Amino acid sequence: MKHALLVLTLLPFTLFGRHTDPRIRQEAPYAGVKLVKTTTFFTLPKEGNKLDTCIKESHLYNQDGLLVHHDFSMVMQKNPRYDYQEKIAYTAEDAWTKREFRQGFLIDSIVVNGSRANYYFFKENKIHALYEYRGDSMQEKMINSGDTLFRAKKPFTYFNRDDFWDYANAGSFARKAVMHDKDGAATVTYFNEKDEALVSYTEHRVMGGKVSQVDYFNYRVKRFDFKRLTYSDKMEMNFFLEKSKKGKPSYQIYYTYNDKNQLVEEKWVDGNPKKNQVVIKYEYEFYF
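S.K.: Can you walk me through the pairing of strand β6 (residues 95-102) in this structure?
M.R.: Consecutive side chains along a regular strand alternate between the two faces of the sheet. Of all eight residues in β6, six are buried, a share of seventy percent or more. Relative to β6, strand β5 (residues 82-92) runs antiparallel, the two being bridged by eight bridges. What sits directly across from Glu-86, in β6, is Glu-100. Hairpin connection of β5 to β6: two residues between the antiparallel strands. Pairing of β6 with strand β7 (residues 105-113), which is carried by eight bridges, proceeds in the antiparallel orientation. Along β7, the bridge assignment pairs Ala-95 with Asn-113. Hairpin connection from β6 to β7: two residues lie between these consecutive antiparallel strands, with Gln-103 at a positive phi of about 55°.

This is how it looks when you write it as structure tokens:
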């Protein structure tokens, strides 16, 4: 297929900008869920919006609603297949171990115990980096020929960062504001030091409070990544917000639910209709 909207970038060796706090438990989206199967497609406008399968995933949860196994397969046409698996074993409510295997090789291991966590990143079957999570900070240590090298003299203050904002490309913002309208839509806007709007998004909701649509706008940022999909062990597909023209959304995401208010589809629509779009479909299996 033609990757018209994709920007492929090399994955950094550090975890900054792409990894969430490993101490956050991964829980089932709905009560009683046993398995969630996800299929990601690209729609091809030049081929009548034909769906081209890109990624297949499955998330297995235990009866307590906690993730225990995650399978990922990149199955894009004309590309080598790429797979990874995550396995999680719990010893207590706030303690567990997690291992990730890529192409059958152990790539990282996490040990969580309450507010503390150690994240070991492997390279060529040897520990290449250690990330120590303590309280609201994280210390990065690089392992080189048995020696430990500190990336910084002080721990990184990391966890108070905004989940949506693209620090790597857009730098920092001065403030953000949330505004609600009479129809229940909420708009979040990020401003610079001159109080100029940089980026914003508006969430539209349906009965029951479910998000039905999100519109994203980029007013002044040269490049702003807002979604990523794994491509291989070294590359990611980045989806970015182009600067808005005449106030039109740079990107829109639409959400569809079944009669039980469970998410069954989301569609990412680029502001340029000639570009390939993304469709993600969800299937569920339940314990009862």
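S.K.: It is not clear to me how the packing of aromatic side chains should be interpreted in this structure. Could you clarify?
M.R.: A ring pair, where both rings are aromatic, is described by two values, the distance of the centres and the angle of the planes. Here the structure, examined in full by the defined rule, presents 20 aromatic pairs. Ring geometry for Phe-164 against Tyr-216: centres 5.9 Å apart, planes inclined by 20°, an arrangement best described as stacked. On the criterion of sequence distance, the pair formed by Phe-164 in the loop between β12 (156-157) and α1 (167-170) and Tyr-216 in strand β16 (residues 211-218) is long-range, its members being 52 residues apart. The residues Phe-164 and Tyr-216 share a single accessibility class, namely buried.

S.K.: Teacher, can you tell me more about the pairing of strand β3 (residues 50-61) here?
M.R.: Sheet analysis places strand β2 (residues 33-44) next to β3, joined by 10 bridges and oriented antiparallel. Across the sheet, the residue bridging to Leu-35 is Leu-60, located in β3. Where β3 lies against strand β4 (residues 67-74), seven bridges are found, and the strand directions are antiparallel. Its bridge partner lying in β4, Lys-56 is registered against Ser-73. Linking β3 back to β4 in an antiparallel pair, the connection comprises five residues, with Gly-65 at a positive phi of about 80°.

Thresholds applied
Residues numbered from 1 in each chain as written. Predicted model: local features only at pLDDT ≥ 70, side-chain atom pairs only at ≥ 80, totals over all residues. Heavy atoms only, no water. Buried < 20%, exposed > 50% of the residue type's maximum accessible area, 1.4 Å probe, protein only. Helix = DSSP H or I, 4+ residues; strand = E, 2+ residues; numbered from the N terminus. Pairing = 2+ DSSP bridges. Phe/Tyr/Trp six-rings, centres within 6.5 Å; stacked < 30°, edge-to-face > 60°.

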